[in-house]
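Commentary on secondary and tertiary structure
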Amino acid sequence: MADRTPPAASVEPVLRDITLWTAALVRQFPELAEELAPGRRGPAGSAPAPSPAGRDERREALLLQQRHGLAVPGHGAAPIRLHVSDAIRDITDGVVELEEAVSARLALPRPPRAGVIDRLRRVVGLLDTIGADPDLARHVRDEIRRMARRCARTLGDAETVVRVSGRCPWCDSVSLRAFPDRRAVLCVNPACVCADELCGCQDDPAYRHLWPEREWTELAAASGARTEEIEAAMDDPKETAC
């Protein structure tokens, strides 16, 4: 039987995406703790006495914070936001399950207990090995991307987006945008699909083809944009934001 394993170069975009989404999740996940029980407002003693249900919610918040290493000083007595606690639980469980699945697939010992950030870093530390299994790499990318999006939605974050001149090399539309937080250029045309079978735009309608920094020169040549313009959009987005 012929070996159908894609060459290493074709898995590179998947591994790159894993790195980018993991970095976003590592940066934003600790912020969920601050949103879980926001600081009390008003003078001391002005807040009404908590109901039994409120006490149960605060107890749940403290347990979540202790379990995930997200305790925030001074926030233990504030009312919690249940949608935030749900996001923390979902992301934490998802990271645990993902690391255990990766270890099982690679025939590694079951990973020791650790916090979300440490587990994510351990997964990234296995990228060279994960890259040898394209199906596993796609699964890791899809799961981390899902959790990073859940985290960002919960925090209500909106990325800065900067228009880039020129046309997308894949769909020929004027839909190129710079995303400074990721230091990447994306095509925001929902109908755009590239020719790379391993790119997320092939099977995820919410995914957009992405050009990282090392591909900006090539993108500029293919799209009619200027490398200097892309770099300026990344370094000073407020001047040119959409």
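See the structure shown above.
Before going into details, it helps to say that this report is about the structure given with it. (Residues numbered from 1 in each chain as written. Predicted model: local features only at pLDDT ≥ 70, side-chain atom pairs only at ≥ 80, totals over all residues. Heavy atoms only, no water.)

**Details of the overall build of the protein chain**
Helices and strands together make up the secondary structure of the protein chain, namely 10 helices and 4 strands. Ordering the α and β elements of the protein chain from the N terminus gives α-α-α-α-α-α-α-β-β-β-β-α-α-α. Relative to its 242 residues, the protein chain shows a buried fraction of 44%. For the protein chain, long-range pairs separated by at least 24 residues make up 64% of all intrachain contacts whose partners lie at least 6 apart in sequence. (Helix = DSSP H or I, 4+ residues; strand = E, 2+ residues; numbered from the N terminus. Buried < 20%, exposed > 50% of the residue type's maximum accessible area, 1.4 Å probe, protein only. Contact = heavy atoms within 4.5 Å.)

**A look at the packing of helix H8 (residues 216-223) against helix H9 (residues 227-235)**
Relative to each other, H8 and H9 sit at 125°, their axes nearing to 9 Å. With respect to H9, the axis of H8 lies oblique. Crossing angle aside, the handedness with which H8 passes H9 is right-handed. Contact residues: Trp 216, Thr 217, Leu 219 and Ala 220 in H8; Thr 227, Ile 230, Glu 231 and Met 234 in H9. Per-class residue counts for the contact of H8 with H9 are 5 nonpolar, 2 polar and 1 charged. (Axes fitted to C-alpha atoms, helices over the stretch in contact; angles between N-to-C directions. Parallel < 35°, antiparallel > 145°, perpendicular 65-115°, else oblique. Left-handed = near helix turned anticlockwise from the far one by under 90°. Nonpolar A, V, L, I, M, F, W, Y, C, P; charged D, E, K, R; others polar.)

**Observations concerning the nonpolar core**
Leu 25, Phe 29, Leu 32, Ile 91, Ile 130, Val 140 and Ile 144 are the most contacted members of the largest nonpolar core, which has 35 residues in total. Elements that contribute at least two residues to this core include exactly helix H1 (8-28), helix H2 (31-36), helix H4 (82-105), helix H5 (116-124), helix H6 (127-130) and helix H7 (134-155). Element by element, the count of residues in this core is highest for H7, at 8 residues. Residues Leu 176, Trp 211, Ala 233 and Met 234 belong to the second largest nonpolar core, which totals 15 residues. (Core = buried A, V, L, I, M, F, W, Y, C linked by side-chain atoms within 4.5 Å.)

**Focus on the packing of H4 against H5**
It is the contact of H4 with H5, at a shortest axis distance of 10 Å, that shows an interaxial angle of 35°. As H4 runs across H5, the sense of the crossing is left-handed. Across the interface between the two elements, Thr 92, Val 95, Val 96 and Glu 99 of H4 pack against Val 116, Arg 119, Leu 120, Arg 122 and Val 123 of H5. Taken together, the residues of the contact of H4 with H5 sort by class into 5 nonpolar, 1 polar and 3 charged.

**Some points on H7**
In this model H7 runs 32 Å from its N-terminal to its C-terminal C-alpha over 22 residues, within 8% of the 32 Å that 1.5 Å per residue would give. With its phi angle positive at about 75°, Gly 156 sits one or two positions after the end of H7. (Expected span 1.5 Å × (residues − 1).)

**Things to note about unusual backbone geometry**
Phi is positive for Ala 107, close to 60°, though the residue is something other than glycine. The exposure class of Ala 107 is exposed, given its relative accessible area of 68%.

**Remarks on the pairing of strand E2 (residues 176-179)**
Neither face of E2 is left uncovered, since the one carrying Leu 176 and Ala 178 and the one carrying Arg 177 and Phe 179 both have all their residues buried. Alignment of strand E1 (residues 162-163) against E2, held across 2 bridges, turns out to be antiparallel. Bridge pairing in E2 places Arg 163 opposite Arg 177. Relative to strand E3 (residues 184-187), E2 is paired through 4 bridges, and the arrangement is antiparallel. Each bridged residue has a counterpart across the sheet, and for Phe 179 the counterpart in E3 is Ala 184. (Pairing = 2+ DSSP bridges.)

**Re the side chain of Ser 173**
Here Ser 173 lies in the loop between E1 and E2. Dropping the residues within four chain positions of it, Ser 173 is found in contact with Gly 166, Arg 167, Cys 168, Cys 187 and Asn 189.

**Observations regarding the pattern of salt bridges**
Taken as a whole and assessed by the stated rule, the structure comprises 13 salt bridges. Note that Arg 16 and Asp 17 form a salt bridge whose closest N and O atoms lie 3.5 Å from each other. Of the charged contacts, one joins Arg 16 and Glu 215 as a salt bridge, the two residues approaching to 3.6 Å between their closest N and O atoms. Highlighted residues: Arg 16 in helix H1 and Glu 215 in the loop between strand E4 (210-212) and H8, separated in sequence by 199 residues. Overall, the relative accessible area of 10% leaves Arg 16 in the buried class. (Salt bridge = Lys/Arg side-chain N within 4 Å of Asp/Glu carboxyl O.)

**Re the environment of Arg 141**
Along the chain, Arg 141 falls in helix H7. Along the sequence, Arg 141 and Ile 18 sit 123 residues apart, while their C-alpha atoms lie 4.9 Å from each other. Not counting residues within four places of it along the chain, the set of residues in contact with Arg 141 comprises Val 14, Asp 17, Ile 18, Leu 198, Cys 199, Gly 200 and Asp 203.

This is a description of form; function is not addressed.
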